[in-house]
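Structural description and commentary
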Amino acid sequence: MKYKLTKMKKIILLLLFGALIALILIRNLTNNSVFYETINYNLIDTIKQFPPNSINWIDRPNSIKKINNKIIFVDGNNNRILICNKDFSNCKSVGRKGKGPNEFLSPGFLQVRHDKIYINDIGNQRIQVLNKNGKFIKSIKFKTRLLHMLNFAVSYDGNFVYIPAIKEDVLFYKYRTDGSLISGYGTTIKYNDPMQTIIMNAVLLEVDEQDNVYTIFFGLPIIRKYDKENNLLWESNLSFIEGVKERKLAVDKSRQNNNNMKYAFLNIFVSSIYNSGILYVIYAAQSKEFWPQKILGLDTSTGKVKKIININNYEFIPNSICFSKNILFATDDYSNRILIFKTAK
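Figured I'd write up the structure that's included with this text. Since we're looking at a predicted model, the values are computed, not measured.

1. Considering the overall build of the protein
- The secondary structure content of the protein amounts to three helices and 26 strands.
- Burial statistics for the protein: of 345 residues in total, 50% are counted as buried.

Take a look at the structure:
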C-alpha cells in the first residue's frame, strides 16, 4: 500500500526541514563570527617635553609601561628612561650616554616583570635590569652579537629572555639570563625568495604568566601562540578586520606591481601589550590613509578578537601602549610625543 502525504503533512515537513537548515546556518554563523566589546577612547593630553613646559624635549620615545603606580618610558635619543607618576608629575630621569651601569647607547624596548625593569640597550648589545626605582641590578650580555635586538620579551619568573630571530628557519630565540642560547622556536612562513622569508617573518614578542609566547608578525596580519615546549596553540589571521583588510589589499597590490615593494611590511609599526588574558595589538602604517583607528584585543585562550578599542579622530603611529584603568598611554616616536587617552563617556 503506497503511503500518501497530505497537504498539511507536507507543510509540516517543509517547516521542520527549514528549521533544521536555519539551525545549521545559525550554528555556522556563531562559530565563524566575531562578537566583541567596543570601547571608545578620546585624546586628553599630549606631552613633548619633560618636565612639561621645560626645554627638555623628548627624542624618540620607544616604549612605555606601567610598574606599580608609576609610568616608565624610554627616551631613546636622550639615552635615558623616565619614571613618573601617572599624571607625569615628579618624573625621575635615569641614565645617560655611555657603556657602564645605568648608561645607554640608543635604548629601545622595555619590559616589566614584577618589580624589575628590563631595557634593551641596543648600542651596547645587552639588556639592563633595574629595580622599580631605576637602580642598576645587572646586565644580560649575549654570547653572540644581536643586531636584530629591537624588541624582546621576558619569562614570567625573569629567568629567560626571548628575542626575534630574523632567520629563515625559526621565529625567535630563547636565552638564559647569563646570555647563553637555549634554542630557536617557532616555524617560519616560507617564500620562494629567502630574503622575503626572513623579512616577512619579523615578529614582535609578548609572554604571559604561563610563559606562552605570542608572535605578532610585522609583514602579515597573523598572530600565533606557542607554549613553552614550542607547540603551536593557535594562529589568528586578522585580515577580516576593517582597516587591516584594506591595508593588506593595498600592500599585496604594491608587492605584485612593484618588485621593489615585495619586501614591504604590512605595517611600519606594530605595538602590543599582554594584560590579564588579553593581548592588545595596534597595526599602524606611515600613511594617512591607514592611520590606526583601532586597538584589537585578542582573547589569549582562543586567539579570537574580544575587544576593539577605537581611537577617535586622532592620527598617531604608536611604538608602545599601556593601560591604567580607563587611561591609555601611547608613545609616538614618529612625532616625538607621549599621548594620553581616556575612555569616552
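2. What to know about unusual backbone geometry
- The residue Asn 68 is not glycine, and still its phi comes out positive at about 55 degrees.
- Along the polypeptide, Asn 68 turns up in the loop between β2 (61-67) and β3 (70-75).
- Residue classification places Asn 68 among the partly exposed positions, given a relative accessible area of 42%.
- Residues other than glycine seldom take positive phi values, yet Asn 102 does so here, at roughly 60 degrees.

3. Topic: the pattern of salt bridges
- Under the defined criterion, the tally for this structure stands at five salt bridges.
- With a closest N to O distance of 2.9 Å, Arg 80 and Asp 75 form a salt bridge.
- The buried category is assigned to Asp 75, whose relative accessible area is 0%.
- We note a salt bridge from Glu 235 to Arg 224, for which the minimum N-O separation is 2.8 Å. Here the residue Glu 235 occupies a position in strand β19 (residues 232-237), and Arg 224 occupies one in strand β18 (residues 222-226), the gap between them amounting to 11 residues.
- For Glu 235, a relative accessible area of 43% gives the class partly exposed.

4. What to know about the sheet that holds strand β13 (residues 160-164)
- The four strands lie next to each other as β12-β13-β14-β15, forming an open sheet whose pairing is antiparallel. Two strands bound the open sheet, and with one partner strand each, they are β12 (153-154) and β15 (181-185).

5. Details of the sheet that holds strand β16 (residues 203-207)
- Ordered by their spatial adjacency, four strands build an open sheet running β16-β17-β18-β19, and the pairing between neighbours is antiparallel. Only two strands of the sheet have a single partner each, and these edge strands are β16 and β19. Direction aside, neighbouring strands of the sheet carry axes that sit 15 degrees apart on average.
- Bridge count between β18 and β19: five bridges; the pairing is antiparallel. Bridge pairing in β19 links Lys 225 to Trp 234.

6. Some thoughts on the pairing of strand β1 (residues 37-47)
- As judged from the five bridges shared by β1 and strand β23 (residues 305-311), these two strands associate in the parallel manner. Residue pairing across strands places Ile 39 opposite Ile 309, the latter belonging to β23.
- Bridge analysis of β1 against strand β26 (residues 337-343) gives six bridges, and the strand direction is antiparallel. Counterpart to Asp 45 in the pairing with β26 is Ile 340.

7. Topic: the state of the cysteines
- If you walk through the whole model with that rule in mind, you get one disulfide.
- Between the sulfur atoms of Cys 84 and its disulfide partner Cys 91 the distance amounts to 2.3 Å. Taking the sign of the S-S torsion, about 115 degrees here, the bridge from Cys 84 to Cys 91 comes out right-handed.
- When its relative accessible area of 0% is taken as the criterion, Cys 84 is described as buried.

Rules and cut-offs
Residues numbered from 1 in each chain as written. Predicted model: local features only at pLDDT ≥ 70, side-chain atom pairs only at ≥ 80, totals over all residues. Heavy atoms only, no water. Helix = DSSP H or I, 4+ residues; strand = E, 2+ residues; numbered from the N terminus. Buried < 20%, exposed > 50% of the residue type's maximum accessible area, 1.4 Å probe, protein only. Salt bridge = Lys/Arg side-chain N within 4 Å of Asp/Glu carboxyl O. Pairing = 2+ DSSP bridges. Axes fitted to C-alpha atoms, helices over the stretch in contact; angles between N-to-C directions. Disulfide = S-S within 2.5 Å.

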